[in-house]
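# Chain and residue survey
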Amino acid sequence: MFNKVLIANRGEIALRIIRSCKELGIKTVAVYSEADKEALHVTFADEAVCIGPPQSKNSYLKSTSIISAAVITGADAIHPGYGFLAENGEFSEICSETGIKFIGPSREMIRMMGDKATAKETMRKKGVPVVPGSDGIINDVNEGKKIASKIGYPVIIKATAGGGGKGMRIVEKEEDFETLFQMARSEAEAGFSNPDVYIEKYLENPRHIEFQILGDKYGNVYHYGERDCSVQRRHQKLIEEAPSPIMDEDLRKRMGEAAVLGAKSINYEGAGTIEFLVDKYKNFYFMEMNTRIQVEHPVTEQIYDVDLVRNQILVAAGEKVDTLPLQEPLGHAIEFRINEEDWEKDFRPSPGRIESLNVPGGFGIRVDSHVYQSYIVPPYYDSLVSKLIIWGKNRERTIKRARRALEEYVIEGIKTTIPFHLKVLENEKFISGDFDTSFLDNFLKDIKLKS
Ligand code: ADP
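Here goes a summary of the coordinates provided. The residue numbering used here restarts from 1 in each chain and proceeds along that chain's sequence as written. In keeping with the predicted nature of the model, local features appear solely for residues at pLDDT of at least 70, side-chain atom pairs appear and are counted solely at 80 or more, and the whole-chain, interface and lining totals rest on all residues. The side-chain quantities take in all heavy atoms of the structure and omit both hydrogens and water.

To continue, consider the sheet that holds strand β7 (residues 166-171). Backbone hydrogen bonds are what pair the strands of a sheet, in a parallel or an antiparallel way. Two strands form a pair only when DSSP identifies at least two bridges running between them. Counting from the N terminus, the helices are the DSSP runs of H or I reaching at least four residues and the strands are the DSSP runs of E reaching at least two. In space, the three strands of this open sheet follow the order β7-β6-β8, with antiparallel pairing throughout. Of all the strands in the sheet, just β7 and β8 (197-201) have a single pairing partner and so form its edges. Sheet twist, expressed as the average angle between the axes of neighbouring strands with direction ignored, equals 25°. The convention used is that axes are lines fitted to C-alpha atoms, helices contributing only their stretch in contact, and that angles between N-to-C directions extend from 0 to 180 degrees.

Structural data, given as structure tokens:
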């Protein structure tokens, strides 16, 4: 087992990883930028190293500084969390060349799955249904147009290196194709240093349903059911839940088997997520794989009674997965992303000082957060300040408990998405589980019209 793990991240996920390390008896090293001197991950780690100025590209994304911090402190492994360097194949390779274990997949696995166009090709060859579209990357406008008219409009142009709902363009008709194609390519170049794009059929009002998997080096791959992440604003997740309100035993079995097959086909080790789109006839299509721990992992932890980060660390150290999936999930869990955003002003960021704070508690409540009273939320990073995860015996009781917890949650000094979540919880469609990826954008349009 590792002696000391360096956490190459910040915020709630850095704390989350420190917690699992402590329970495993592993020492921890935090890294932090100058903007994060007062952060809790710095306080709770056994050691902390400053790795540079506030901007991520000069600190949390700077692999040389992170590796140096690991060498100086004698860390034998690095956990990347999510975002930053988590899906950077080169970083994974530098770690192994330096004799430090990267708690995540190898460069080769990241290449095969982190690149979305290649991942789809790999899955298609294994017989997993994929969203119809181009065979890999399309560089030429005319070739793109041909493919788009063959699969039929609307289509979506996606960056092969994309993520976080960015680098995607929907094209409704042929005359818009060229402009949007060029836009997507330059956005991809600017955002991900890779202009390559591919084309997919734009499915109408699908649900986003993803499967959690864990694999070890002995060839065991298990799935821990699904998460429904259809409540999205502009393709970015805001509320996630497990199980999915539309799931049945047969569909879970078929989708779960496809997810495990996909992961086994690349001998995947560690935690990963296989994302699917599901249409109204319950046909499912593979969309992409994430080769890391995800923001929304706690909903799975709650209903499968599994510590996913603990297992990630164990399998990276060469052990077997230590918590096998339950036959049946236990109850229901919903995660609300509490962001520092003013939802009434188009969700614009609202960093600043937290003047007062009351965190909800009681049975079935979990709060994964790095903020405290008088903490100053810096403007440099993503807007997540807290994840409120609610567990209940069934969906109905979970929703009632969620209302109660959101009402108890007081964060003053900055604007947050708490009042927005309370509004969503009043919506009939949400309450009845009848929603898809278009739900939230329509919900927001309705609110605007009424005001
Ligand atoms: P990212 O990795 O940036 O999050 P994804 O490929 O996971 O991007 O897509 C994010 C969201 O965009 C999906 O959850 C879905 O709502 C929407 N989306 C992506 N591809 C399609 C498609 N082919 N048809 C309909 N919606 C799509």
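Glancing now at unusual backbone geometry. Here the residue pair Tyr153 and Pro154 is connected by a cis peptide bond, since its omega of -5° sits within 30 degrees of zero. Tracing the sequence through the fold places Pro154 in the loop between α7 (141-151) and β6 (155-163). A cis geometry characterises the amide bond from Ala242 onward to Pro243, with omega recorded as -5°. Summarising the element assignment, Pro243 is placed in the loop between β11 (236-242) and α9 (249-265). Although it is not a glycine, Asn267 adopts a positive phi angle of roughly 50°. By secondary structure assignment, the location of Asn267 is in the loop between α9 and β12 (270-278). Of the residues examined, Asn267 reaches a relative accessible area of 60% and is grouped as exposed. Only protein chains enter the accessibility calculation, which uses a 1.4 Å probe; a residue whose area is less than 20% of its type maximum is buried, one above 50% is exposed, and one in between is partly exposed.

This paragraph deals with the site of the ligand. For this purpose, a residue is taken to be near a molecule or strand whenever a single non-hydrogen atom of the residue falls within 4 Å of it. As a matter of local geometry, the ligand sits amid 22 residues, with Gly165, Lys201, His208, Gln232 and Glu288 nearest to it. Distance and chemistry together define a polar contact, namely a pair of N or O atoms within 3.5 Å, with one atom able to donate a hydrogen and the other to accept it when in protein, and with adjacent residues in sequence counting only for side-chain atoms on both sides. At a separation of 2.9 Å, a nitrogen atom of the ligand approaches a polar side-chain atom of Lys158. Measuring from an oxygen atom of the ligand, one finds a side-chain N or O atom of His208 at 2.7 Å. Residue-level accessible areas treat just the shown protein chains as cover; the underlying method is Shrake-Rupley with a 1.4 Å probe. Notes on the ligand: free accessible area 550 Å², of which the protein chains cover 96%.

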